[in-house]
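Now for the letters of each chain:
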Amino acid sequence: MQLKDKVVFITGGAEGFGKAVAEAVLRKGAKVCVADVNVDLGEATAKELQASSRADSVLFVKCDVSDASVFEDAFKAAVSKFGHVDVMCNNAGILDERIWEKQLEINFGGVVRGTMMALNHMRKDKGGRGGVIINTASIGGLLPSFWFPTYAASKSAVYHFTASWAKNPDMKSADVRMVSICPSGAKTALLDMAEEKIINYEHFKQFMERSKYCRVDQVVEAFLLAMEDDTIHGTAITIKSKEGVEKMKMSLVPAE
Ligand SMILES: NC(=O)c1ccc[n+]([C@@H]2O[C@H](COP(=O)([O-])OP(=O)(O)OC[C@H]3O[C@@H](n4cnc5c(N)ncnc54)[C@H](O)[C@@H]3O)[C@@H](O)[C@H]2O)c1
């Protein structure tokens, strides 16, 4: 998909990966709806994006992905401003094992809600224009991660849900592609974590000190690949850090 003049909806767009993806697609001539539960930060981000691109290409909507009607209203606001949505990035997420039910609601429930809403809107066999749905999972969803078992399970669910939907034979006539993005650890607010949010924090800290973080721009590269390469469907794009920051590889894990 060529991004020029396309409409990209990004949950969790106020900071971190979501904000960086918004900046990147605006540079490619797309329009962006930043949807986030953090209103102050979301509005500030939208202003920043408007200042560095085109004011009428950026919309901020308040959106809690764990609340179906609020999420629906946010999506409708984007459709009402821009006419349609071509790319849905279900990216909002939290990491906090103490509130594991809320974590599942946001990390997985939010992805299911956003995927179903976008699919119904986009599918060509039901009058839509086609599109791409990109769901942010994690390397932690592909490998057992004892520091945050519920977070890892929520991300595993995101990967499996996305790959499973992509297998549906109707997706061909719907002309909707589905991709999950699986980054390893990156320095965003998500990992500015209080000790009590994860299990075995000291061990995790030591592990992260030994490992290299992946860079946010590499994650953005993965998102752009998912949007622009029309052959990618049902795939997890991983961003690995094992070989160090400069040598990091992005590999495509086949869905089967
Ligand atoms: N940073 C990492 O190491 C890492 C690695 C793998 C995957 N991820 C995933 O990437 C995604 C983005 O994370 P990030 O690192 O940019 O984190 P971040 O904390 O910088 O950004 C997350 C954004 O999501 C928003 N958000 C939280 N709950 C929400 C809700 N209920 N509704 C709407 N918005 C909500 C926050 O306000 C914030 O703006 C998350 O799904 C995260 O799990 C992050």
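Here, the structure is the one placed above.
Notes on the structure in this doc start here.

What counts, and where the lines are drawn
- Residues numbered from 1 in each chain as written.
- Predicted model: local features only at pLDDT ≥ 70, side-chain atom pairs only at ≥ 80, totals over all residues.
- Helix = DSSP H or I, 4+ residues; strand = E, 2+ residues; numbered from the N terminus.
- Buried ≥ 20, exposed ≤ 12 C-beta atoms within 10 Å, placed from the backbone.
- Contact = placed C-beta atoms within 7 Å.
- Near = placed C-beta within 6 Å.
- Nonpolar A, V, L, I, M, F, W, Y, C, P; charged D, E, K, R; others polar.
- Core = buried A, V, L, I, M, F, W, Y, C linked by C-beta atoms within 7 Å.
- Axes fitted to C-alpha atoms, helices over the stretch in contact; angles between N-to-C directions.
- Parallel < 35°, antiparallel > 145°, perpendicular 65-115°, else oblique.
- Left-handed = near helix turned anticlockwise from the far one by under 90°.

A few points about the overall build of the protein chain
Helix and strand counts for the protein chain stand at 8 helices and 8 strands. If you line up the protein chain on its principal axes, its C-alpha atoms span 50 × 40 × 35 Å. A buried classification covers 45% of the 256 residues belonging to the protein chain. Within the protein chain, contacts between residues at least 6 apart in sequence are counted, and of these 69% link residues at least 24 apart.

A closer look at the site of the ligand
Surveying the vicinity of the ligand reveals 28 residues, the closest of which are Gly-12, Gly-16, Gly-93, Thr-188 and Leu-190. For the shell around the ligand, the element with the most residues is helix 1 (residues 16-27), which contributes 3 residues. Of the residues in the shell around the ligand, the class split is 13 nonpolar, 12 polar and 3 charged.

Observations regarding the nonpolar core
Counting residues in hydrophobic clusters, the biggest one holds 66 residues, and the most contacted among them are Phe-9, Ile-10, Val-32, Val-34, Ala-78, Ile-181 and Phe-223. Broken down by element, this core gets its largest block of residues, 7 residues, from helix 4 (residues 100-122). Not counting chain neighbours up to four residues away, the residues in contact with Ile-181 comprise Ile-134, Thr-136, Ala-137, Val-219, Ala-222, Phe-223, Ala-226 and Ile-237. Of all hydrophobic cores here, the second largest spans 6 residues; its members include Phe-148, Tyr-151, Ala-152 and Ile-198.

Description of the packing of helix 1 against helix 8 (residues 216-228)
Axis separation between helix 1 and helix 8 bottoms out at 9 Å; the angle between their running directions is 60°. Judged on the interaxial angle alone, helix 8 and helix 1 are oblique. In the packing of helix 1 onto helix 8, the handedness of the crossing is right-handed. Every residue of helix 8 that contacts helix 1 at Phe-17, Ala-20, Val-21 and Ala-24 is listed here: Val-216, Val-219, Val-220, Phe-223 and Leu-224.

The analysis is restricted to geometry; functional conclusions fall outside its scope.
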